[in-house]
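One letter stands for each residue in the lines below.
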Amino acid sequence: MAVPINAPLAPRRSWAISLVRGALVPLLAIVIALVIGAVIIWFSAPANRGTRLEVVLAAYRGLFMGALGSRGAIANTLVEATPYILAGLAVAFAFKCGLFNIGAEGQLFMGALGSVTVGFAVTGLPMIIHLPLALLAGALAGGLWGAIPGYLRAKTGAHEVITTIMLNFIAFRLMDYLIVSGPLRDPTASLQRTPFIQASAALPRFIGPVESPGLTGGQTYRPLIVTSDPAWNLRLHLGFLIALLAVWFIWWLLNRTTTGFEIRTVGANPEAARYAGMSITKNFVLAMFVSGALAGLAGTGQALGLERNIKSLFSSGYGFDSIAIALLAKSNPIAIIPASIFWGALNNGKGMMQAQAGISSDLIRIVQALAIIFVAADQIVRWIFRLRQSESDRMIFSRGWGK
């Protein structure tokens, strides 16, 4: 059928409208979770803190001030968000291939272990070589740990949920052995930890004082900008920039490359992908390797940027929380950033909330859980706010058992 040259073109949806539509349900889910949290505070408010309304207001004011109320609070929120960005990205990337990587915690452990081992065992290298080498070791260790369940899924049909959970336990026990009584324990330390990494392998902080060698195993860690002003003693380190670059890289990989197209196709319909000549085995292994490498970088950032060693109780739950963040962001790489900052802000502000309102900081966990529930059960949010669901809003996180 001929189309007149002057006929008006069909209106194209702008990226801003698409962004708002995609973010609407998660934002409303957070609002509902905060409202329910306020109701819980209302009924559990201590009698000696004023009226119930005053306690609710004090709780959320304390939460805001603790998370974003000062330069140091903002920096600490970004520090808290950094491993969530990388680990959440890891889970979201596996989702794109139809895989449920529940083993981000173990891959995070292996990444931290690999990077710290290179960080303290390799000596005599300049920073321009040593730091990338330590980062590469962390990413490689996490990636190889993640590729194992991907290969087992493709070749044997073993479901990645089971294999990644089991690999988590192996990673926990392996780290305990190596650090508590194994070859990686620092024999001169009273704590059960590895030696401090070399200064050339440390992720530098953006601004702050030079850290005392007396507190860092003889190492002198220098920030990018040295200052003696205590107001600028910030913990934010270069790992945050690496996390942002990883988000851009994953977005580019998924949306601008043939590899990303294959991964998304396999995730949406593996049978159609196989019929089109795509290798299911290659894409499963590749997706889990990249996912594991991202989780490994999350542990690497914590080890090289904050702790500068690994203690036997390194577990922090970042890998498990990252599943919730990937769900909150609906597996969108860009949306992982605000979702992680939101998560980090809640974690960073809960202490001041408890101090100012006299309520348990565990309430934050309830708010986080409610937000995830409403994102997962988005029909509840749509029913409350009378929102219609378009075809583009439907998405597949992972496929069911045995498929």
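For the structure, see preceding data.
Structure report, in brief.

Conventions used here
Residues numbered from 1 in each chain as written. Predicted model: local features only at pLDDT ≥ 70, side-chain atom pairs only at ≥ 80, totals over all residues. Heavy atoms only, no water. Helix = DSSP H or I, 4+ residues; strand = E, 2+ residues; numbered from the N terminus. Rg over C-alpha atoms; globule rule 2.2 N^0.38 Å. Buried < 20%, exposed > 50% of the residue type's maximum accessible area, 1.4 Å probe, protein only. Contact = heavy atoms within 4.5 Å. Expected span 1.5 Å × (residues − 1). Axes fitted to C-alpha atoms, helices over the stretch in contact; angles between N-to-C directions. Parallel < 35°, antiparallel > 145°, perpendicular 65-115°, else oblique. Left-handed = near helix turned anticlockwise from the far one by under 90°. Nonpolar A, V, L, I, M, F, W, Y, C, P; charged D, E, K, R; others polar. Polar contact = N/O pair within 3.5 Å; in protein donor to acceptor, adjacent residues only side chain to side chain. Salt bridge = Lys/Arg side-chain N within 4 Å of Asp/Glu carboxyl O.

**A closer look at the overall build of the protein**
Alright, step 1. Within the protein, the secondary structure is distributed over 14 helices and two strands.
Alright, step 2. In terms of C-alpha radius of gyration, the protein reaches 23 Å, essentially the compact-globule figure of 22 Å for 403 residues.
Alright, step 3. Scored against the burial criterion, the 403 residues of the protein give a buried share of 50%.
Alright, step 4. Sequence-distant contacts in the protein: of pairs separated by 6 or more residues, those separated by 24 or more amount to 72%.

**As for helix α5 (residues 127-156)**
Alright, step 1. Over its 30 residues, α5 extends 43 Å from the first C-alpha to the last, a length consistent with the 44 Å expected when each residue adds 1.5 Å.
Alright, step 2. Glycine 157, located one to two residues past α5, shows a positive phi value of around 85°.

**Overview of helix α6 (residues 160-181)**
Alright, step 1. Here α6 spans 31 Å end to end across 22 residues, near enough to the 32 Å set by a 1.5 Å rise per residue.
Alright, step 2. Residues of α6 that are buried: Glu160, Val161, Thr163, Thr164, Leu167, Asn168, Ala171, Phe172, Met175, Leu178 and Ile179.
Alright, step 3. Close packing links the buried residues of α6 with α4 (104-121), α5, α10 (280-307) and α11 (318-328).

**What about the packing of helix α3 (residues 71-96) against helix α7 (residues 239-256)?**
Alright, step 1. Between α3 and α7, the least distance of the axes is 9 Å, while the angle of their chain directions is 20°. The angle between α3 and α7 falls in the class roughly parallel. You can see that α3 and α7 cross each other, and the crossing is left-handed. Here Leu78, Thr82, Ile85, Leu86, Leu89, Phe93 and Lys96 of α3 come into contact with α7, specifically with Gly239, Phe240, Ala243, Ala246, Val247, Ile250, Leu253 and Leu254.
Alright, step 2. Taken together, the residues that form the contact of α3 with α7 break down as twelve nonpolar, two polar and one charged.

**Some details on the side chain of glutamate 262**
Alright, step 1. Mapped onto the elements of the fold, glutamate 262 is located in helix α8 (residues 258-268).
Alright, step 2. For glutamate 262, a relative accessible area of 17% corresponds to the buried category.
Alright, step 3. A polar atom in the side chain of glutamate 262 sits 3.3 Å from the side chain of lysine 282.
Alright, step 4. Polar contacts involving the side chain of glutamate 262 include one to the side chain of asparagine 283, which spans 3.4 Å.

**Quick notes on the pattern of salt bridges**
Alright, step 1. The full count for this structure, using the stated rule, is ten salt bridges.
Alright, step 2. Here arginine 173 ties to aspartate 176 by a salt bridge, and the two come within 3.0 Å at their closest N and O atoms. Of the two residues, arginine 173 and aspartate 176 both sit in helix α6, three residues apart, roughly one turn of that helix.
Alright, step 3. Among the residues examined, aspartate 176 registers a relative accessible area of 23% and is labelled partly exposed.

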